[in-house]
Amino acid sequence: MFWNLLLVILLGVGIALYEVPKLLKRQMRRELIAFSGVLLLAVALAVALILRLPVPNPTRGLEILFGPLTRLLYPAS
Amino acid sequence: MLRKVRKPLKPSELKMRKINARLQELQPKEVLERPISRDLDYNIKLMKDLFGNSSDLVVREFHFGSDKEIRVALVFIDGLVDKISLSEAVLKPLLYRTIVDEERRLLPGNAFELIRDWLITFASTKEVDKVGDLLDLVLAGFAAFFVDGFEYALAPEVKGWKDRSIEEPKTESFIRGPRDGFTETLRTNTALIRRRIRTPRLRFEMYQVGRVTKTDICVAYVDGLVNPATVDEVKRRIESIDTDSILESGYLEDFIKDNAWTPFTLLDRTERPDKVAAALVEGRVAILVDNTPFVLIVPAVFTEFLQSAEDYYEWSESARSLRWLAILITLTLPSLYVALTTFHQEMIPTGLALSMAAGREGVPFPAVMEALMMEITFDLLREAGTRMPRSVGQTLGVVGAIVLGQAAVMAGIVSPFIVIVVALTAVTSFLIPNYSASLTIRLLRYPMLLLAGMFGLVGVFLGLMVILLHMASLRSFGVPYLYPITPAVPAEWKDVFYRAPWWKMDLRPLLLRSPNRRRQAPGQRPEPPPVRPERETEAVVEGGGRKDGAGGNRNYTSGMENKVNTGKGDD
Amino acid sequence: MGIEQGKISRRQALFLVSNAILATMVLYVPALLAQETGQDAWVTVILAGAGGVLYGAIVVFLGARFPDKNLVEYSIELLGPWAGRAVGMVFGLFFLYLNGVVIREFSELLVSLVMPETPLVVFDILIVSLAAYGVYLGLEVFARVNEILFPTALFVGLGFIALAIPEMEFYHLKPALVHSFPALLRGSVLLLSFYLEGTALLMFYPALRRPEEGKPISYQVGFILAIAILVDILGVIAMFGPEEAARLIFPTFELAKTVHLGGFVERIESLIVGIWITMGGLKVMVFYYVSVLAFAESWGLRDYRPLVLPTGMILAALAVLEFADTNQIRTFFRCVPAFTVTVLGGITVFLYLITLIRAKRTGGKTDKDD
C-alpha cells in the first residue's frame, strides 16, 4: 500500500514536472489552472482508491438514474 | 525550471550574443575584412602569420621581368594544388616570357593586368581584394598570386589532390546494376549524377557550413520535378546550421532531421549515384557533402528502407515481401519466443512444446534472461566484427559459432532453441537493405523482449502498437514517415509490398507533391503483336496494340505513335 | 478555429468510428443478443442497422452543417456559453465514464482469458498509458495507425470465423422468426445503443480534409458494422446454439478457441488478444481524445494536451472504481442502452432540432453552410 501510494504521488509529480514548464513557457495560464485542477482530482482519486476510502461509485448513481427506463425496456430482468 | 519564468527573454538573448561573440573569436572579423596591401612583404608576412608557419604553406617569392624588377609571390598549400599544372600554366609563362608582344612590356606599373590577361593560361582564375576571400580560396586549393604594388591578388584554380578513384560502393554492392560509387570529392560526385541526368534543370546549389571546417555542401534537385517548398525547407535548415565542423553527412543529418529523438532514421543515405539519380527524378532532394561518399536523400519514408535500388534492375517479385517478413521476424521473433515459452505454452504445438521443454531443461535462467543474454552476445559479436581488422574476422566467426553457440548449449546455459531464434533474427536483420533502418529494428528488439517477458503476448502487441504510433507521428521534410501505407495511398502499394513492373508506375509519389506528377505515358504494357492474316490499315494497329494513345496528357515527353508502330512492324 | 489542427481523410474518420463501435460490440453483443433474440439476431441487426443509419444521418447533418466546428463549439454557438459548455461537459464526462467501462472490460478480458495471475490494475494502466501516448501524439497519428490496423484486425477476425466454419452446426439457425416483435425491437435498441457511440465523430468531424464530403460516413459505418456483427453473431450461434451462446461471457473468444489448422496449429486464440488490444486500444484512444477535447473546448483552452496525462490517471482510477466485480458489469450492461440513448441520443437530437428551428426562424436556407 505504501509503495502504491508513493508511486501515485511520484507519478503526479512527474506529470506536473513534464507539463508545467511547457505551459509556463507558452504562457498558458488558463491551461495551467485546468491542468492543476484535473491533476489534483486525479491524484486525490487514486490516493482514495489505494487507501480504500469510500468513494462514491458512479455506476451506482447511473443505475438508479436509468433503472426505471431500463425496466421499461427490459421488464424481464 | 522556475528560472525561466522569473527572467523574461532578455537575459537569454544576451547570453546568445555572448555565445556568438565567442564563436567568432577563432577567425577575427577584423583580419578577414582587411584589404590586400600594396606592399608585398606585408602580404607575405600576413599570410605566414595567419598560418603560423604551418609546414604545408608554401610561399615562393621571385622576381621577373626583363630586369627582374617585378616582385611577385606565390602562396599555396602543399598537397591541395596540382604542382604540374601550377608550373606549366602559371610559373612557366611568367618566368620565360618577359615580353608579351612588341607593345606590352612587363613593367612594375602594368604587371598585374598583363599577368592576369595574358600570361596566366589557366582556365579558371579569380581576382580578389580581401584577405578573407583569398584565405578561403587558398584553403580550397587555389594558389594566391601577389604582385608587388597592387592591392589585388590572383587566384588560379590549380586544385588537385590525391583522390580515391571511383570504385564499387562497399556498403551497397549489387549483382546487377552500375558499379560506380561516390568518392570523397564533391565535384566528382556531382559529375556522376550529371552524367545520368542530362537536363539543364538539374541544379547543384552550394553552401558552406562549419565555422572551422568550411565544408562544401551541395543541394541537388531537378527543377520542375521537385516540390519547391521542399527545396526551400532543405535550404532553410542547412542555412540555419551554425557549428564548427561537418566532417560527414551524419553530422548534417542530426541537424536537419525533423524529429530529434527517434531511433528511426529520417533521411536516406547512399553511396550509389544511380540511386541518387532515381531519387532526383522522382522529385526528391539530394544533399552532397564534401569529403564523404555518403549522399543524403530527403524526404525519406520508411518503406523506402525496404527498397533496394537493385529491385528496379533485376525484377524479383519475392524480394519485397521477404523483407517485410524479415523485419517482422527481426522485431518479434525473440519476444514471441519469450512470450510463448513463459506465458502461453498451450499455443505451441504439443510435439514442439515437448522438445522445447526438453531443450530448456537445466537452463538456470528464465526465458527473458536467456533471450536477452543471447541477443546481447550476438550484438557484441556483430559490433566486434565491424570494428575488427579484416584479417581476424575469420576468428570471430569461429568464436561466435562454436564457442558461444554450441558450447553455451552444451554447458546448459541456454537452450538450443534460443540459439536458433537469435541466429534467425541475425540473418533476417541483414535483409533490410538500409543499414540504419536495420540497426533501428535491432535496437527495438530489446524493449520488445522486456515487454514480452513481463506481459507475454499482450506486451508484444502493446510494444508493436507503441512503435507503430511513434512511426506514424514522424515526418521527414513534411512527408509522413509511414506513407504510403498510412496515410494510405493504395495505388502506390505496388511499389511497397512488391515491385510492379516499370510500365505500371506512371505517377510519381503523391505526397512528394511534385509539380509534374506523371512519370511516363500510360498503357505501355508490352504485348505480343496481334495475329493478323494480312497487313491492314494502321488504324487497326493503333486500336489493337497499346490501348490508349497520347490522350490528354501534356506533361510527359514521349512519342507514342513511334512506339506503337515499332512494336508492330515485324510480323 | 478549433483546437485540433491536424487533418484526416474521410476513410480515416470512417475507420475510426467503425473501430470505436465494433471493438466492444464484438465482445458483448453476441452473448446479449443470443439471449434476447437467439437465431433471429439477423433481424435485429437489420433493424438496428436501419436505425443506426438514420441516426448517422442526423450526426453527419450536424457535422456538415458546421463544417469547421466540433460539437462543443456549436452547442456553445447555439445555446449560449453556459448551456453550451454544460452540454460539452456532459458529453466529455459521458465519454470519460464510458471509456472507464471499456478499459475495465478489456482488462477483465485480458486477465480472465490470457494471464489469470496478473492483477487487473496492471492491464488497466498499460492500456491507459498506450492510449495516452496515442492521444498525446494527436488525432492525425492515431487515425493513421487505425487506418491500417482496423482493416487488418477485421480481416484476421473474419479469417478466424471462416476457419471455424467446419465446426459449425447450421441447424442452430433453423427455426426462423420465432421471437416476438417486441423482443426483436428490444434487441435492436440494445444494438443501436452501441451505434450511438459513433456520435464521437462529431468531435473530429471538422478535422476532415473535406468536411462537405463527409456525409457518406453515416451509411458506410452502418454497413461495415452490420456485416461484421452479423457474421460474428451468426457464427457464434451456429457454433454453440442460442442457449449456450447466451451463457458464455465472451462467445467470440470461445469461437476462436475452436479454430485449428491441419492438426498442427491449435489454440491460437491468444492471437485474438492481439486483435483486441489493437482495436480496443484504438477505441480507448478515440474516446479519450473525445473527452479531453470536449473538456478543453468547454473550458476555453487553447490546447487539449495538458489535460491528457491527468485525465489518464482519472481514467485508470475510474476503470477500477466503476465496478465492484464482473457481475456488476453484466448487470450494468442492461442499463447501457437507456444511458447511451438518453445522453448521446438526447444531445444529438436536441442540437439537431435547435439547428432546424434556427434555420426556419432565420428564413430557411439563408445562412450558408460555411
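Nothing here was measured: the structure is a model prediction, and the numbers come from that model. (Residues numbered from 1 in each chain as written. Chains lettered and ligands numbered in written order. Predicted model: local features only at pLDDT ≥ 70, side-chain atom pairs only at ≥ 80, totals over all residues. Heavy atoms only, no water.)

## Concerning the packing of aromatic side chains
What the rule picks out here adds up to 28 aromatic pairs over all chains. Centroid distance Phe94(C) to Phe339(C): 5.0 Å. Interplanar angle 50°. Geometry classified as tilted. Here Phe94(C) is found in helix H4 (residues 81-113), whereas its partner Phe339(C) is found in helix H14 (residues 326-361), with 245 residues between them in sequence. With a relative accessible area of 5%, Phe339(C) lands in the buried category. Ring geometry for Tyr289(C) and Tyr304(C): centres 5.4 Å apart, planes at 90°, overall edge-to-face. On the criterion of sequence distance, the pair formed by Tyr289(C) in helix H12 (residues 270-298) and Tyr304(C) in the loop between H12 and helix H13 (305-321) is long-range, its members being 15 residues apart. For the pair Tyr289(C) and Tyr304(C), one class covers both residues: buried. One aromatic cluster is present, built from ring pairs that chain together Phe66(A), Phe91(C), Phe94(C), Phe95(C), Tyr97(C), Phe287(C), Phe323(C), Phe332(C) and Phe339(C). Over the face of the ring belonging to Phe174(B) we find Arg272(B), whose NZ or CZ atom lies 3.9 Å from the ring centre. Seen from the ring of Tyr446(B), Arg445(B) lies directly overhead, with NZ or CZ sitting 5.2 Å from the centre. (Phe/Tyr/Trp six-rings, centres within 6.5 Å; stacked < 30°, edge-to-face > 60°. Helix = DSSP H or I, 4+ residues; strand = E, 2+ residues; numbered from the N terminus. Buried < 20%, exposed > 50% of the residue type's maximum accessible area, 1.4 Å probe, protein only. Lys NZ or Arg CZ within 6 Å of the ring centre and 35° of its normal.)

## As for the packing of helix H7 (residues 181-195) of chain C against H14(C)
All names here are of chain C. Packing of H7 against H14 leaves a shortest axis separation of 9 Å and a crossing angle of 60°. As judged from the angle between their axes, H7 and H14 are oblique. Note on packing geometry: the crossing formed by H7 with H14 is left-handed. Contacts between H7 and H14 involve Val-189, Leu-190, Ser-193 and Phe-194 on the former and, on the latter, Phe-333, Val-336, Pro-337, Thr-340 and Val-341. (Axes fitted to C-alpha atoms, helices over the stretch in contact; angles between N-to-C directions. Parallel < 35°, antiparallel > 145°, perpendicular 65-115°, else oblique. Left-handed = near helix turned anticlockwise from the far one by under 90°. Contact = heavy atoms within 4.5 Å.)

## So, the pairing of strand E9 (residues 285-289) of chain B
Residues and elements named next belong to chain B. The element E9 is largely enclosed, with a buried count of five among its five residues. Neither face of E9 is exposed, since Val-285, Ile-287 and Val-289 on one face and Ala-286 and Leu-288 on the opposite face are all buried. Bridge count between E9 and strand E10 (residues 295-298): three bridges; the pairing is antiparallel. Bridging from a neighbouring strand, Ile-287 pairs with Leu-296 of E10. (Pairing = 2+ DSSP bridges.)

## Let's talk about the interface of chain B and chain C
In this complex, chain B contributes 26 residues to the contact, which on the side of chain C involves 32 residues. Where chain B abuts chain C, roughly 2,600 Å² becomes buried across the two surfaces, and 78% of that area is made up of carbon and sulfur atoms. Its largest share of buried area at the contact with chain C, chain B owes to Val458(B), Met465(B) and Leu469(B), together 24% of the area lost on that side. Across the salt bridge formed by Arg475(B) and Glu140(C), the nearest N and O atoms sit 3.9 Å from each other. For the interface between chain B and chain C, the tally reads six residue pairs in polar contact (both at pLDDT 80 or more). Among the elements that line the side of chain B that touches chain C, the one with the most residues is helix H17 (residues 435-473) of chain B, at 14 residues. (Buried area = accessible area lost by both parts, 1.4 Å probe. Salt bridge = Lys/Arg side-chain N within 4 Å of Asp/Glu carboxyl O. Polar contact = N/O pair within 3.5 Å; in protein donor to acceptor, adjacent residues only side chain to side chain.)

Don't take any of this as a statement about function, it's just geometry.
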